[in-house]
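The lines below spell out each chain.
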Amino acid sequence: MRDAGGDGEEERVRQQSRALQEKIARAQGRHMAEAGDVPQVGRDMTGMGRAMRLGTEFIAAILVGAVAGYLLDQWLKTSPWIMLVMLLVGFAAGVLNVVRAADQMNRASPPPPGSDLGPGNDDEEA
Amino acid sequence: MADPNKVDPIHQFLISDIVSFGDGGFAFTNSSLFMVLTVGLILTYLLVSTSRRAIVPNRAQLVSEMLYEFVANMVRSSAGTAGMKFFPFVFSLFMFVLVANMFGMIPFFFTITSHIIITFALAILVFAVVIIYGFWKNGPKFLKLFVPSGVPAYVLPIVVPIEVVSFLSRPISLSVRLFANILAGHITLKVFAGFIVTLGSLGFLGWLGAILPLIMTVAITALEFLVAALQAYVFAVLTSMYINDAIHPSH
């Protein structure tokens, strides 16, 4: 009598632990799937956060280019030529920064499926 | 500051010595005090809330665990599992900036992140870590960061300087963004609050008009809390992305 009750109890506990194990495995599987996703950075940035990001990325590159050029000029006594060139290089780097940041933001929040994005580059009518 | 009606929005950023050590210019300033308070609050909260190590957490422990999960997911999603060895670094930076920004929202408190020297020091720290770890792990291959793959050799003389400037601009943009957001927000808040006092000195109609800047002040306060949290998040996300560059230097 006592043994039978003990067995039932044991069986119940075993079932419970098996159910828990499955649950943990499921949760872990989901976690791994999420971790394997494309980077989700910046998905919940506000509009102002994005604007500040793009603005500072752009201006910082121009400043760095101009200052680096100025210092090189001071050193090599070639004022103002290196600074002019580096200002343009800084401008290009700023555009590169902005394109990279925007690309990240686009990847982080892709448009909902089925939305009309206009014609693509490759489906131009010949 | 003799005239109480005169609004001085910059006064709140003044650094004053609390204890000075000799004539060398070394001093324990109000900025240092709030840095110590920030670190103290983070340490105390995390230590106390996790000391029970309960399987079923109470509220305080839950907040600590959520902070951990939040930063851990952020690092994992942008730097991968290999980036998790930098988790303590990113977590410390995130908590420091977050708590410092939030301290700044309390009236009469000093906002340490409103000084560019603080944010620039943090950004340079991030870059020192990225460069040292990048060279230590990848050796000379780390320089591939500046050479995008699939670019023909004859454009490299143009592309490499652009990539170098782009890389060097990161600490500037990282520090200026945090500093400018916090500084501008606090000044705006002070200016609008100052309008209330100035208008109020005009009598009844003035008080009536002062309702408008009062509404603005309340709205900007809410916005500032958002900015404080958001900028801490942005700082930490970009840090983990730059660390990702150090681990995988090729684009």
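Everything that follows concerns the structure shown earlier in this document.
Every value quoted in this text rests on a predicted model; they were computed, and no experiment measured them.

Asker: When you look at the overall build of chain B in this model, what are you seeing that I'm missing?
Answerer: Within chain B, the regular secondary structure consists of seven helices and two strands. Order of helices (α) and strands (β) in chain B, N terminus to C terminus: β-β-α-α-α-α-α-α-α. Compactness check: chain B gives a C-alpha radius of gyration of 23 Å against a globular reference of 18 Å for 251 residues, more than 25% above the reference. For the C-alpha atoms alone, the extent of chain B along its principal axes is close to 75 × 55 × 45 Å. For chain B, with 251 residues in total, the buried portion stands at 30%. The contacts of chain B with a sequence gap of at least 6 include a subset with a gap of at least 24, amounting to 66%.

Asker: Sorry, what's going on with the pairing of strand S2 (residues 26–29) of chain B here?
Answerer: Side-chain direction in a regular strand flips from residue to residue, so the side chains alternate between the two faces of the sheet. In terms of strand pairing, strand S1 (residues 17–21) of chain B meets S2 of chain B through four bridges, oriented antiparallel. When the sheet's bridge partners are listed, Ser20 of chain B is paired in S2 of chain B with Ala27 of chain B.

Asker: Sorry if this is basic, but what is going on with helix H3 (residues 87–104) of chain B here?
Answerer: Since the α-helix packs 3.6 residues into each turn, any two residues three or four apart lie on the same face. All names here are of chain B. Taking 1.5 Å as the rise per residue, H3 with 18 residues should run 26 Å; its terminal C-alpha atoms sit 25 Å apart, in good agreement. The complete set of buried residues in H3 reads Val90, Phe91, Leu93, Phe94, Met95, Phe96, Val97, Leu98, Val99, Ala100, Asn101 and Gly104. The inward-facing, buried residues of H3 contact helix H1 (30–50), helix H2 (59–79), helix H4 (116–138), helix H5 (156–200) and helix H7 (211–247).

Asker: Hey, could you run me through the nonpolar core in this one?
Answerer: When a protein is soluble and globular, its nonpolar side chains tend to lie buried together. Grouped together as the largest cluster of nonpolar side chains are 55 residues, with contacts concentrated most on Val90, Leu93, Phe94, Val97, Ala232, Phe235 and Ala236 of chain B. When residues of this core are traced back to their parent elements, those giving at least two are helix H2 (47–76) and helix H3 (81–108) of chain A together with H2, H3, H4, H5 and H7 of chain B. Looking at this core element by element, the count peaks at 13 residues for H7 of chain B. Not counting residues within four places of it along the chain, the set of residues in contact with Val90 of chain B comprises Val71, Val75, Ala236, Thr239 and Ser240 of chain B.

Asker: How should I be thinking about the interface of chain A and chain B in this particular structure?
Answerer: How big an interface is tends to be reported as the loss of accessible area on association of its parts. The interface is formed by 23 residues belonging to chain A together with 18 residues belonging to chain B. At the level of secondary structure, the elements contributing two or more residues to the side of chain A that touches chain B comprise H2 and H3 of chain A. Grouping the amino acids of the side of chain A that touches chain B by side-chain chemistry returns 13 nonpolar, eight polar and two charged.

Asker: So what exactly am I meant to see when it comes to unusual backbone geometry here?
Answerer: A negative phi angle characterises most non-glycine residues, just as the trans form characterises most peptide bonds. Geometrically, the link from Ser79 of chain A to Pro80 of chain A is a cis peptide bond, its omega value of 0 degrees lying close to zero. Positionally, Pro80 of chain A belongs in the loop between H2 and H3. Positive phi, normally seen in glycine, also occurs at Arg53 of chain B, with a value near 50 degrees. By the secondary structure assignment, Arg53 of chain B is in the loop between H1 and H2.

Definitions and limits used
Residues numbered from 1 in each chain as written. Chains lettered and ligands numbered in written order. Predicted model: local features only at pLDDT ≥ 70, side-chain atom pairs only at ≥ 80, totals over all residues. Helix = DSSP H or I, 4+ residues; strand = E, 2+ residues; numbered from the N terminus. Rg over C-alpha atoms; globule rule 2.2 N^0.38 Å. Buried ≥ 20, exposed ≤ 12 C-beta atoms within 10 Å, placed from the backbone. Contact = placed C-beta atoms within 7 Å. Pairing = 2+ DSSP bridges. Expected span 1.5 Å × (residues − 1). Core = buried A, V, L, I, M, F, W, Y, C linked by C-beta atoms within 7 Å. Nonpolar A, V, L, I, M, F, W, Y, C, P; charged D, E, K, R; others polar.

Keep in mind these numbers describe shape, not what the thing actually does.
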